[in-house]
Amino acid sequence: MLLTIENLRTVIAATGVDGDGPAAVVDGVSLSLAAGGTAALVGESGSGKTLTALSIMRLLPESARLASGRVIFEGRDLVTATEAELRRIRGVRAAMIFQEPMTSLNPVLTVGFQIAEPLRVHRGMSRPAARREAIELLRRVGIPAPQRRVDAHPHELSGGMRQRAMIAMALACRPALLVADEPTTALDATVQAQIMALLGELRRQTGLALLLITHDLRLVARVADDVHIMYAGRIVESGPVAEVLGAPRHPYTAALLRTLPGWGGDAARGNAPLGEPRRARLPVIPGEPAHAHRRPGGCAFHPRCEVGKDDARCRAEVPPVERRGARSCACFKELSSERVGALV
């Protein structure tokens, strides 16, 4: 495996409002990713997806720290790696596309300079060669007039262009692993398809492995090999994407699918064809995601769960992750196919 994460735990300090002690925002996460594969990490905002990605890259904010676990990348544990070792890995062998490009790109440097810098530092290119490569990367990610945009500062680009410039920068050194945090959120459908096609081409040509963090389950269904459903810092369900999305076992996975307009073609979910009246509101998951410092006892999802909210065991005990073949699930009330049909 190119990347293996074992029981990763990241804690964040409490504030005066949130409580007295630290809380686990990444709580025992384990997953693996082979070269050339794509794994998706899915969950609501606040589930711990971005902090999982930052933990992998050792780019945590000052308030957070790695408490335990291992991140084995190309045979090296990144948790115990020195800063000098990490500098040789980040941006070269492992790269990350951040969720908000405006806060991640340097506002006083041109996007061309920022793309060319790792090419000069890590690949030893001359300035003219690095500039030509930066223009080509901007062209490949779909930025119009790349010869002109290469000299633009981030504030001179639209949000979608900034996102594409960040993708170009992440791909500059042809990494073996790309951690992509909502890489297509600011892009329209056409550019999104173009970017995913580019990443697919790189997977085939270079063996690029992609860890995709997203809310878009339809995108996951199209591009991912495996999917990991995350809630309150834990991965509650994992497996091959067709199996998990086709027959979810965890009520949270089923609830996420139920909120998708038209999933399964059911017009009664508020996605009726043009000319036909809408017969129901789009379903929502009741309540709010569990806060790291105020998690309920037992299964963190139980207050919002249609299956286990009144179950004494769900309220009192944390369900362990149980693996069956390629699938895993952490739930005392695993769904049968009949129950899935009623919930999704």
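The structure under discussion appears in the preceding block.
Residue numbers restart at each chain and count upward from 1, following the sequence in its written direction. Per-residue local features of the predicted model are confined to residues with pLDDT of at least 70, and side-chain atom pairs are confined, for both listing and counting, to 80 or more; whole-chain, interface and lining totals are unaffected and use all residues. Only heavy atoms go into the side-chain values, all of them from the structure, while hydrogens and water stay out.

**Student:** Explain the pattern of salt bridges here, please?
**Tutor:** Where charged atoms from two side chains of opposite charge come close, those side chains can pair. In the sections that follow, a salt bridge refers to a side-chain nitrogen of Lys or Arg positioned within 4 Å of a carboxyl oxygen of Asp or Glu. Counted under the stated rule, the structure contains 17 salt bridges. Glutamate 6 is the salt-bridge partner of arginine 70, the closest N and O atoms lying 2.9 Å from each other. Taken together, the residues arginine 70 in strand S4 (residues 64-73) and glutamate 6 in strand S1 (residues 3-12) connect sequence positions 64 residues apart. Residue burial is assigned from relative accessible area. The probe radius is 1.4 Å, only protein chains are included, and a residue is buried under 20% of its type maximum, exposed over 50%, and partly exposed in between. Judged by its relative accessible area of 32%, glutamate 6 is partly exposed. For the purposes of this entry, the term helix denotes a DSSP run of H or I that reaches at least four residues, the term strand denotes a run of E that reaches at least two, and both are numbered from the N terminus.

**Student:** How should the pairing of strand S9 (residues 226-231) be read in this particular structure?
**Tutor:** Taken residue by residue, a regular strand's side chains alternate between the two faces of the sheet. Most of S9 is tucked away: five of the six residues are buried. Strands qualify as paired when DSSP identifies two bridges or more between them. Pairing of strand S3 (residues 38-42) with S9 involves four bridges; the strand directions are parallel. By the bridge assignment for S9, alanine 39 is matched with aspartate 226. By the bridge criterion, six bridges tie S9 to strand S10 (residues 234-240) in an arrangement that is antiparallel. Paired with isoleucine 229 across the two strands is glutamate 237, which belongs to S10.

**Student:** Would you explain the sheet that holds S1 in this entry?
**Tutor:** The pairing of strands in a sheet happens through backbone hydrogen bonds and is either parallel or antiparallel. The antiparallel open sheet is built from four strands, whose spatial order is S2-S1-S4-S5. One side of each edge strand has no neighbouring strand; the edge strands of this open sheet are strand S2 (23-33) and strand S5 (76-77). Across eight bridges, S1 lies against S2 in antiparallel orientation. Note that in S2 the partner of leucine 3 across the bridge is leucine 33. Should any heavy atoms of two residues lie within 4.5 Å, those residues are considered in contact. Inter-axis angles, ranging from 0 to 180 degrees, are taken between N-to-C directions of lines fitted to C-alpha atoms, where helices are fitted over the stretch in contact. Against the sheet, helix H1 (residues 49-57) engages S1, S2 and S4, with an angle of about 70 degrees to S2.

**Student:** What's the story with the packing of helix H4 (residues 111-123) against helix H5 (residues 127-140) in this structure? I'm lost.
**Tutor:** One way to put it is that H4 packs onto H5 with a least axis distance of 8 Å and a crossing angle of 125 degrees. Comparing their axes, H5 and H4 come out oblique. In this structure, the crossing between H4 and H5 has a hand that is right-handed. Here Gly112, Phe113, Ile115, Ala116, Leu119, Arg120 and Arg123 of H4 come into contact with H5, specifically with Arg127, Ala130, Arg131, Glu133, Ala134, Leu137 and Leu138. Ten residues, namely Ala, Val, Leu, Ile, Met, Phe, Trp, Tyr, Cys and Pro, are considered nonpolar, four, namely Asp, Glu, Lys and Arg, are considered charged, and the remaining ones, Gly among them, are considered polar. Its residues assigned to classes, the contact of H4 with H5 shows eight nonpolar, one polar and five charged. Note on angle classes: values under 35 degrees are labelled roughly parallel, values over 145 roughly antiparallel, values of 65 to 115 roughly perpendicular, and the remainder oblique. For a crossing to be left-handed, the near helix must be turned anticlockwise from the far one by less than a right angle; the clockwise case is right-handed.

**Student:** Would you take a moment to explain the packing of aromatic side chains for this structure?
**Tutor:** Aromatic rings considered in pairs are described by the distance between their centres and by the relative angle of their planes. Aromatic pairs are defined between Phe, Tyr and Trp rings, using the six-membered ring for Trp, whenever the two ring centres lie within 6.5 Å; interplanar angles under 30 degrees are classed as stacked, those over 60 as edge-to-face, and all others as tilted. By the definition in use, this model includes three aromatic pairs. One aromatic cluster is present, built from ring pairs that chain together Tyr231, Tyr252 and Phe301.

**Student:** What is the right way to look at the pairing of S1 in this model?
**Tutor:** As defined by bridge partners, S1 adjoins S4 across eight bridges and the pair is classed as antiparallel. Within S4, the position partnered with isoleucine 12 by the bridge is alanine 64.

**Student:** Even after reading the chapter, I still don't get the sheet that holds strand S7 (residues 177-181), so can you show me in this structure?
**Tutor:** Within the open sheet, the eight strands sit side by side as S6-S7-S8-S3-S9-S10-S12-S11. Their pairing is mixed. Of all the strands in the sheet, the pair left with one neighbour each is strand S6 (94-97) and strand S11 (322-324). On average, each strand axis in the sheet is inclined to that of its neighbour by 20 degrees, with strand direction left out of account. As paired elements, S10 and strand S12 (residues 327-329) share two bridges and run antiparallel to each other. Directly across from serine 238, in S12, lies its bridge partner serine 328. Packed on one face of the sheet, H1 meets S3, S6, S7, strand S8 (209-214) and S9 and runs near 150 degrees to S6.

**Student:** Even after reading the chapter, I still don't get the state of the cysteines, so can you show me in this structure?
**Tutor:** A covalent bond between the sulfur atoms of two cysteines is referred to as a disulfide. Pairs of cysteine sulfur atoms within 2.5 Å are what we label disulfides. In this structure the tally under the stated criterion is zero disulfides. Cysteine 299 takes part in no disulfide bond, and the closest cysteine sulfur to it belongs to cysteine 314, at a distance of 6.2 Å. Of the cysteine sulfurs around cysteine 329, a residue in no disulfide, the closest is that of cysteine 331, at 5.2 Å. Overall, the relative accessible area of 1% leaves cysteine 329 in the buried class.

By themselves, these are just geometric observations and shouldn't be taken as functional.
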